[in-house]
Amino acid sequence: MSGLVGHQHVPRNTHWDPGAIDASKLLCLNPLCSATPAPSNGGPPATDAPGQSSAAGTVVSTDPVGEPDDDAPTCVVENRPGRCRNTGICRTAGGTPRSNSPPTVQGCGHIADADVQCCDGATAGNGNGNGNGNGNGNGNAGSAQPAGPACEAHGVAGTCVATAVCTASGGGRRSHSARSGARGCESIKAADVQCCSTASATGVPPANSAGCSAYAGLHFPLASGSLREISVNWGFSRSSGRRCHAGLDIYTGGARRVVAVAAGRVTAIMRGWYKCSGGSIDAILVYHETGPLAGKTINYGEVDPGTYSVRVGSSVAAGAGLGVASRCGMLHFELYSGERRSSQRWMPASGRVGAGCHKTSLSSKPAALLDPRPLLSCTRPADARFRHGVSFVSEPDDLALFEADASADGEDDGEFDNGEGGLSTGAIVGIVLAVVLCCALAAALLVYVLVLRRDSAPPHSSIDLPNPLHETPTVAQLAQADTIGSALGVSPSYATSGEFVCSQCGKGYAYVEDLEHHVSMRH
């Protein structure tokens, strides 16, 4: 393609990289600034000789390290060339920051950052760099130690320089912000100036660094050709903050074969330890008595049932196969101190996990549960990919990324089991308490209903109303019955037997109405 290419970072818009565009000229609002046109091939803007004037009358400054192509905006201090730089970096380089005051000092007025001023008299070889509107640094790539104000990151000394300078200086150096644990650069109000040291943002030793000597000879827990990517999510939120992630997820691909990190002995096989969208899976615990992991236990979680031959008590060699991890698409890796026969849960210290349990809830972490990141960082393949671009030596900007992963992977907090082939102790106790409580409520309700019915019952169990049909017949009623009986051909035998008897079938009744009904229905 032809033209000029650049990009801007979102959503925070902390800085933008203009490519071959001279952004200081493009955005200049000072009438004394004039844009130096870029060549048609998209290369850097044409410049005159150092310290000379261009055809448009613009002063072209040399870089403090003697290079005319420094991309820091140029400025002028009493007709001397300078660069718009962060004041702290300017002083470290031996220069004097001068605020914009035309016509004596001019050229940095268009930069909104008050801590970026025209740097006058900076010395060469100082490692300082550009100030592209954010006080960024750009200098001496590959130097043993980039110069700048002193700082400290995770116990390792460093200097405050631009992130680009830190990365280019080599030696395993990385930039660390105050948010990630660095101290000493807070006074420099430039987002892209951070503490540059050899420590990682997480305190985890980078691969192949001196800190990895303690893990020499250990294997990565997946065989060659079985790793898809690593999710550095130890200590992050699970189940909407109700628990913390006690392990680290290693996504599998290809052969998906699990291998032993070191020689050890199988102390437990937890069948049905977990359920995911692919089905039920197992966990294998291996204790190490010697070697770099002596006195520690590894939990190889989410291994497919039927893919391993080890059993409790089996000895495993370093690199030996421990099955396949394909049902859940990952290997869940946990590290413990001591000999363990079950896994443990990590609950947040209070409420939601928030910024992550590894920052907010270390006080509630089970004492035996260890951080697996240093071990995995030092044994990982050199070409390992990281989920969401978050490595062992960096911190994620968006903590919700790992929570979203848990939902997408089908994690269900109710399916987790930390016992050997059965429910966890906490789950059993909860079920028992729930059953006892339900029984107590049912018994109380039954007693209440019985007492209420007893207290509200009437004093008599039947309605006490007179029934004239059941009264003793009077003389007049008997005479009437005799008359009716004669008319019906029934012999009046009431006086002797106390019944009205049917003359046709001999059936007797106590009342004449009943006999009448009988005669009408039967005869």
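Structure: above.
Residues numbered from 1 in each chain as written. Predicted model: local features only at pLDDT ≥ 70, side-chain atom pairs only at ≥ 80, totals over all residues. Heavy atoms only, no water.

K.L.:
Would you mind showing me how to read the state of the cysteines here?
P.N.:
Disulfides are covalent bonds that connect the sulfur atoms of two cysteines. For the structure shown, the criterion picks out 7 disulfides. Bridging C160 to C185, the disulfide has an S-S length of 2.0 Å. Residues C160 and C185 share a disulfide whose torsion about the S-S bond is about -95°; that sign makes it left-handed. Separated by 25 residues along the polypeptide, C160 in strand β9 (residues 156–162) and C185 in the loop between β11 (182–183) and β12 (193–197) bring together distant segments of the chain. Here C160 matches C185 in class, with each residue buried. (Disulfide = S-S within 2.5 Å. Helix = DSSP H or I, 4+ residues; strand = E, 2+ residues; numbered from the N terminus. Buried < 20%, exposed > 50% of the residue type's maximum accessible area, 1.4 Å probe, protein only.)

K.L.:
Help me understand unusual backbone geometry in this model?
P.N.:
Trans is the common state for peptide bonds, and a negative phi is the common state for residues other than glycine. A positive phi angle, close to 70°, is found at E302, a residue other than glycine. Relative to the assigned elements, E302 resides in strand β20 (residues 296–303).

K.L.:
For this particular structure, what's the right way to read the pattern of salt bridges?
P.N.:
Where charged atoms from two side chains of opposite charge come close, those side chains can pair. Tallied over the full model, the rule gives 8 salt bridges. Residue E229 pairs with R387 through a salt bridge whose shortest N-O separation is 2.4 Å. Pair noted here: E229 is in strand β13 (residues 227–231) and R387 is in the loop between α5 (373–379) and α6 (400–408), with a separation of 158 residues, a long-range link. The class of E229 is buried, set by a relative accessible area of 13%. R387 sits in the buried class, given a relative accessible area of 15%. Because the salt bridges share partners, they merge into one network encompassing E78, R80, R98 and D120. (Salt bridge = Lys/Arg side-chain N within 4 Å of Asp/Glu carboxyl O.)

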